[in-house]
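Listed below, chain by chain, are the residues.
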Amino acid sequence: MDNEAPHINVTQLSVAYGDQWVLKDVSMTVPGGQVLAVIGPSGCGKSTLLRVFNRLVDRVAGVHIKGQVRVGDFEVIGDHVDLVELRQKVGMVFQHPNPFPFSVFDNVAYGPRLQGIKNSTRLRILVENSLKQASLWDEVRGKLRRPASSLSGGQQQRLCIARALAVSPQVLLMDEPTSALDPLSTAKIEELVLTLKGQYTVILVTHNLQQAARVSDFTAFFREGHLVELGPTKEVFTTPRQLATEEFLTGRYE
Amino acid sequence: MTVHQKNLRTERVQHALFLAAAALLIALGFAFWGTLGWGALRFFLRHGLNRTILGLRYHPIRGQFGLLPFIIGSLAVTLIATVLAYPLALSVAITATMVLPRRWLSGIRQAVASLAAIPSVIFGWWGLAMVVPLVRNLGGGTGFSVAAAGMVLAAMIVPTLSLLAIHAAMRVPERWVEGSLALGATPDQTLGRVVLRSIRAPLVEAGIVAVGRALGETMAVQMVIGGQTFMPRSVFAPGSTLTSEILNDIGLLPPGALGHHVLDVMALLLLLAMYGLVLLVERIGGREVG
Amino acid sequence: MFFLLWWMAIWVSHKGISERSVHIAISGSSALLPVIKEELPAWEIRHPEVRVSVTGGGSWAGLAAVSQRRADIGMSDIVPSETMARGMLGYPLGRLPVLFIGNQCTGVNKVSQPQLQQLLAGDIGNWRQVGGGDTSVIVVSRPLSSGARFMIERQILKGRSVSPRAIIQLSNGALYKTVRGTPGALGYVEWRPDLKGVVVMAVGSSRFDRTRGNLWPYYTEPTLYVRRDAPAIVKQLAADLSHSPAKAKFGIYPAQP
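Under the annotation held in an unreviewed UniProt entry, chain C carries the name Phosphate ABC transporter substrate-binding protein and is attributed to Sulfobacillus benefaciens. Per UniProt, the comment on chain C under Function (unreviewed entry) is "Part of the ABC transporter complex PstSACB involved in phosphate import." Among the UniProt annotations of chain C, the heading Subcellular location (unreviewed entry) holds the following wording: "Cell membrane".

For chain B, the name recorded in an unreviewed UniProt entry is Phosphate ABC transporter permease, with Sulfobacillus benefaciens as its organism. Quoted verbatim from the Subcellular location (unreviewed entry) field of UniProt, the annotation for chain B is "Cell membrane". Recorded in UniProt under Sequence similarities (unreviewed entry), the annotation for chain B is "Belongs to the binding-protein-dependent transport system permease family. CysTW subfamily."

And the structure:
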């Protein structure tokens with residue numbers, strides 16, 4: 001596997017929906033193979049940021065993007081970006097588990113099949129490896145033909161992670177992946193994120209500050225479209241440099 | 001009397017009314033099946049299956065009651081209509097829900113729904129003016145044909161089918177589409193592998209509803225099919241369907257006339273076909289998505 | 001709630017009936033519907049105690065309905081069988097000419113009666129055989145229930161059937177439009193003043209002249225039939241309708257020149 005987890009460089013990124021700017025002049029670097037937690041009050045632009053990285057933001061009518069984003073050497077912003085290649089590099093896990101209404105197997109095999117892999121042995125190995133990576137294999141082995149909807153919410157979310165991993169991405173975007181889950185399932189996903197560290201660059205948007213503290217190496221705090229502060233998680237949580245960050249972390253904000 | 005008691009009483013009255021209505025409907029249904037079934041049964045006993053359902057010659061005044069040409073006609077017309085209408089309706093639905101801006105959707109739905117309300121005789125006149133000459137140029141002959149009837153019917157069922165397909169497509173959650181795109185699928189791949197695949201059951205259901213509509217349509221078919229009582233030699237030849245022949249002969253064979261029961265048999269065949277379609281819809285509708 | 005309204009509607013309509021004590025049902029040939037509908041409103045004003053309902057269904061159905069007492073007046077342009085006619089009184093309206101019309105590209109505007117017979121029966125397959133262009137003959141006919149067809153099979157085909165390969169159209173209007181739009185088509189229509197874009201065939205020495213339409217030898221005799229034992233008011237209505245001045249407007253000529 002040529003899974004050299006890449007750096008992500010963001011330079012003067014601004015994003016507007018119509019004439020409303022939701023991200024304003026954001027510049028930052030995420031070191032490869034690390035987990036970056038993105039925190040901030042609702043509407044601060046963190047979900048938008050995530051959707052810029054895989055250009056899912058394009059689906060919003062009237063969106064404008066200025067600035068530069070690079071995943072490794074890959075130029076993300078521009079009119080002629082190969083979105084298929086980008087999205088194979090940059091996988092995503094959504095806020096609500098969104099398995100397709102197919103079997104467990106077909107969900108995980110969806111991405112590889114898109115890439116033209118038809119060989120059933122190869123598919124089976126890929127699916128098994130991805131499910132193992134997502135710590136779901138032990139729970140679903142022998143039930144691969146069951147509909148994905150028969151799994152519990154937490155299992156479904158791990159299935160979605162397995163589905164994303166099956167495409168062999170280098171970056172994993174996670175948009176509040178545990179906000180719809182119970183504490184036990186949340187803990188499992190957090191454990192999972194820790195095991196993915198190193199192999200993937202992970203950007204985790206979360207509302208759960210403890211979660212950010214537990215799993216991330218770096219934390220970025222956003223407010224009203226501005227990047228207020230980015231630093232090693234320990235520093236941001238113990239000695240924030242900005243007053244706004246401190247207010248947010250201590251609950252005096254929002 | 002308290003408001004509560006009043007409400008209770010109103011509820012009881014309403015309940016009784018609904019019960020009466022349901023009973024009436026069921027009784028009517030039984031009466032309908034019974035009348036048709038009784039007439040048809042006596043007819044079968046008298047003439048035998050070979051000279052009715054499997055018979056080829058039809059001339060009710062001369063006592064010939066072969067219905068096979070009409071059965072084949074109904075099947076052929078319905079098949080042509082469905083095969084022509086289905087892809088068209090599917091593209092309408094996909095364009096409306098996936099391609100065009102979301103804010104146009106309700107306008108499109110209203111437009112399509114109003115098309116579905118056009119009375120069938122209008123489609124008949126349109127078929128006479130446009131479709132029959134077209135078929136005449138395509139396939140030779142008079143233009144009055146099984147093919148023309150199929151095409152007119154296709155035009156008739158496209159709005160209904162589109163509407164059902166739009167409703168089905170709207171049931172596909174945005175998060176499946178996003179999930180697919182995020183895995184590197186192109187919009188086309190997303191359409192084929194997620195959207196259409198996930199609504200296969202409602203789409204089949206919509207198809208069956210459309211088949212039912214095509215099978216039961218009468219006036220528009222009668223005006224363009226030619227009304228011949230032979231087995232059609234090709235799709236470009238004239239023929240008849242069960243419905244169009246009922247329409248042709250109902251004036252000749254009023255209730256009580258000799259041979260009227262052949263119409264009962266034809267109606268019963270249609271009723272049975274419809275019943276079969278309903279069962280099919282229920283089986284597919286009951287199946288879980290996935 | 002809905003059913004409550006429904007019952008109220010029925011109740012009100014029943015009340016309406018009891019005030020107007022007599023109900024007369026007319027049923028049968030749709031060829032006569034326009035005349036009846038034109039005349040009826042004035043008649044109902046003159047007879048406020050009578051309520052009249054009119055339905056189509058065809059000549060045969062009209063005759064059957066009267067003899068089976070399901071209707072009071074039957075509209076028919078078919079002469080009832082003798083057994084059936086015995087219990088009935090007929091109120092003829094006059095003559096409704098039946099014209100033979102051809103598509104404009106047949107190249108023929110005149111046929112002899114034997115030729116017409118062979119054309120309608122399907123024996124002559126090409127207009128060349130009767131002096132026209134090289135075009136296939138396409139017979140367009142009304143269904144077996146039609147009074148015009150009944151007359152033609154008796155009078156011109158002498159008991160034979162119209163060609164089994166004929167295109168069947170249910171209504172006079174659809175038949176007319178079919179002949180107008182189909183190259184080589186030959187059909188027959190009940191006379192209507194707005195015939196355009198088709199060739200009205202002369203048959204033998206007869207040529208249709210709308211100012212003397214009652215000289216044309218091919219016609220049906222639309223008639224209102226009532227049972228002999230019907231109440232006087234029913235006979236009165238049939239008689240009044242049969243003398244309606246609206247007849248001329250719909251192409252019905254008096255029987256005597």
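Additional details are given in the paragraphs that follow.
**Looking at the overall build of chain B**
When helices and strands are tallied, chain B shows 11 helices and 2 strands. Across chain B, helices and strands are ordered from the amino to the carboxyl terminus as α-β-β-α-α-α-α-α-α-α-α-α-α. Once the C-alpha set of chain B is aligned to its principal axes, its extents read approximately 70 × 70 × 35 Å. Per-residue burial for chain B yields a buried fraction of 45% across its 290 residues. For chain B, restricting intrachain contacts to residue pairs at least 6 apart in sequence, the fraction spanning at least 24 positions comes to 71%. By element, 69% of the accessible surface of chain B is carried by carbon and sulfur atoms, the whole surface being about 14,400 Å². Counting 21 positive and 11 negative side-chain charges, chain B places the centres of these two groups 4 Å from one another.

**Notes on the UniProt feature "transmembrane region" (unreviewed entry) in chain B**
Within this numbering scheme, the UniProt entry marks residues 16-41, 67-100, 112-132, 144-166 and 262-281 of chain B as carrying the feature "transmembrane region" (unreviewed entry). Between the C-alpha atoms that bound residues 112-132 of chain B there is a distance of 24 Å. The span itself is 86% helix and 0% strand.

**Regarding the interface of chain C and chain B**
Facing 29 residues of chain C, the contacting portion of chain B comprises 29 residues. Summed over both partners, the interface of chain C with chain B comes to about 2,500 Å²; 65% of that surface belongs to carbon and sulfur atoms. Considering only the surface of chain C that becomes buried against chain B, C:L144, C:R165 and C:L170 emerge as the three largest contributors, covering 22% of it. At the junction of chain C and chain B, the tally comes to 0 salt bridges.

**A few points about the domain arrangement of chain C**
How big an interface is tends to be stated in terms of accessible area lost as the parts join. Residue and element names in this part refer to chain C. Domain parsing of chain C yields domain 1 (2-95 + 221-250) and domain 2 (96-215). Look at where the C-alpha atoms of domain 1 and domain 2 centre, and you get two points 31 Å apart. Of the residues lining the interface, 10 residues belong to domain 1; the matching set on domain 2 comes to 12 residues. For the pair domain 1 and domain 2, the summed buried area comes to about 860 Å², and 55% of that belongs to carbon and sulfur atoms. Where domain 1 packs against domain 2, one counts 0 salt bridges. Residues of the side of domain 1 that touches domain 2, tallied by class, amount to 6 nonpolar, 1 polar and 3 charged.

**So, the side chain of C:E153**
Residues and elements named next belong to chain C. For E153, the position within the fold is in helix α6 (residues 147-155). Looking at E153, the relative accessible area reads 15%, which means it is buried. Looking at E153, its side chain comes within polar contact range of the main-chain nitrogen of V162, at 2.9 Å. Residue contacts for E153: discarding those within four places in its chain leaves K158, G159, R160, S161 and V162.

**Focus on the pairing of strand β7 (residues 138-141) of chain C**
Residue and element names in this part refer to chain C. Neither face of β7 is open: one carries I138 and V140, the other V139 and S141, and all of them are buried. In terms of strand pairing, β7 meets strand β8 (residues 167-168) through 2 bridges, oriented parallel. From the neighbouring strand, V140 faces β8, where its bridge partner is I167.

**Re the domain arrangement of chain B**
Residue and element names in this part refer to chain B. For chain B, the domain assignment lists domain 1 (3-47) and domain 2 (67-289). Relative placement of domain 1 and domain 2: their C-alpha centres are 30 Å apart. Counting residues at the interface gives 10 residues for domain 1, matched by 8 residues for domain 2. For the pairing of domain 1 and domain 2, the buried interface totals around 890 Å² over both sides, and the portion due to carbon and sulfur atoms is 87%. If you sort the residues of domain 1 by the area they bury against domain 2, W33, L36 and F43 come out on top, with a joint share of 59%. There are 0 salt bridges connecting domain 1 and domain 2. Seen at the junction of domain 1 and domain 2, the total is 1 residue pair in polar contact (both at pLDDT 80 or more).

**Topic: the arrangement of the chains**
The pair of protein chains exhibiting the most contacts, out of 2 pairs of chains in contact, is chains B and C. Spatially, chain A and chain C are disjoint, and the shortest separation between their C-alpha atoms is 41 Å.

**Regarding the pattern of salt bridges**
Pairs can form between side chains of opposite charge once their charged atoms are near each other. Enumeration over the complete set of coordinates arrives at 20 salt bridges over all chains. Between B:E174 and A:R59 there is a salt bridge; the shortest N-O distance is 2.3 Å. In this pair, B:E174 sits in helix α6 (residues 174-182) while A:R59 sits in the loop between α1 (46-53) and β4 (63-71), so the two residues belong to two different chains. Relative accessible area serves as the criterion here: at 42%, B:E174 is assigned to the partly exposed category. With its nearest N and O atoms 3.8 Å apart, the salt bridge here joins C:R227 to C:D72. You can see C:R227 sitting in strand β13 (residues 223-227) and its partner C:D72 sitting in the loop between α3 (59-67) and β3 (73-76), a full 155 residues away along the chain. Accessibility classification places C:R227 together with C:D72 in one group, the buried group. Because the salt bridges share partners, they merge into one network encompassing C:R69, C:D72, C:R227 and C:D229.

**A closer look at the sheet that holds strand β3 (residues 35-39) of chain A**
What links the strands of a sheet is backbone hydrogen bonding, and the strands pair in either a parallel or an antiparallel sense. Residues and elements named next belong to chain A. Ordered in space as β6-β7-β8-β3-β9-β10, the 6 strands form an open sheet in which the pairing is mixed. Two strands close off the open sheet at either side, each with one partner strand: β6 (90-93) and β10 (226-232). For this sheet the average axis-to-axis angle between neighbouring strands, irrespective of direction, equals 15 degrees. The pairing of β3 with strand β8 (residues 201-205) spans 4 bridges and is classified as parallel. Its bridge partner being in β8, V38 is matched across the sheet by V205. Sheet strands in contact with helix α6 (residues 153-165) are β6 and β7 (171-175), and its direction is about 170 degrees off that of β6.

**What to know about the layout of surface pockets**
Size it by volume and the largest pocket reaches roughly 720 Å³. Taken together, the elements giving at least two residues each to the lining of the largest pocket come down to α2 (83-89) of chain A together with α2 (68-99), α6 and α7 (187-198) of chain B. Looking at which element gives the most residues to the lining of the largest pocket, the answer is α7(B), with 5 residues. A breakdown of the residues in the lining of the largest pocket according to their chemical character gives 18 nonpolar, 3 polar and 7 charged.

**Some points on the confidence of the model for chain C**
Residue and element names in this part refer to chain C. Averaged over all residues, the pLDDT of chain C is 87; the fraction at 70 or higher stands at 92%. Here helix α1 (residues 2-19) stands out as the element of chain C with the lowest mean pLDDT, 51, in contrast to β7, whose mean of 96 is the highest. Of the two predicted TM-score estimates for the complex, the pTM is 0.81 and the ipTM is 0.92.

**Considerations on the nonpolar core**
Judged by nonpolar contacts, the single largest core of 72 residues is most densely connected at C:F100, C:L116, C:L120, C:W127 and C:I152. The element contributing the most residues to this core is helix α5 (residues 146-170) of chain B, with 11 residues. Formed by 59 residues, the second largest nonpolar core is a distinct cluster that contains A:V10, A:V38, A:C44 and A:L86.

Analysis parameters
Residues numbered from 1 in each chain as written. Chains lettered and ligands numbered in written order. Predicted model: local features only at pLDDT ≥ 70, side-chain atom pairs only at ≥ 80, totals over all residues. Heavy atoms only, no water. UniProt positions renumbered as here; feature names shortened; annotations may be inferred. Helix = DSSP H or I, 4+ residues; strand = E, 2+ residues; numbered from the N terminus. Buried < 20%, exposed > 50% of the residue type's maximum accessible area, 1.4 Å probe, protein only. Contact = heavy atoms within 4.5 Å. Areas by Shrake-Rupley, 256 points an atom, 1.4 Å probe, with all protein chains shown as cover. Lys, Arg positive; Asp, Glu negative; His and termini not counted. Charge placed at Lys NZ, Arg CZ, Asp CG, Glu CD. Buried area = accessible area lost by both parts, 1.4 Å probe. Salt bridge = Lys/Arg side-chain N within 4 Å of Asp/Glu carboxyl O. Domains from an automatic or database assignment. Nonpolar A, V, L, I, M, F, W, Y, C, P; charged D, E, K, R; others polar. Polar contact = N/O pair within 3.5 Å; in protein donor to acceptor, adjacent residues only side chain to side chain. Pairing = 2+ DSSP bridges. Axes fitted to C-alpha atoms, helices over the stretch in contact; angles between N-to-C directions. 1 Å grid on protein atoms, 1.4 Å probe; cavity = no way out; pocket = protein on both sides within 12 Å on 5 of 7 lines; lining within 4 Å. Points joined across faces, edges and corners; volume = space filled by probe spheres on them. pLDDT = per-residue confidence, 0-100. Core = buried A, V, L, I, M, F, W, Y, C linked by side-chain atoms within 4.5 Å.

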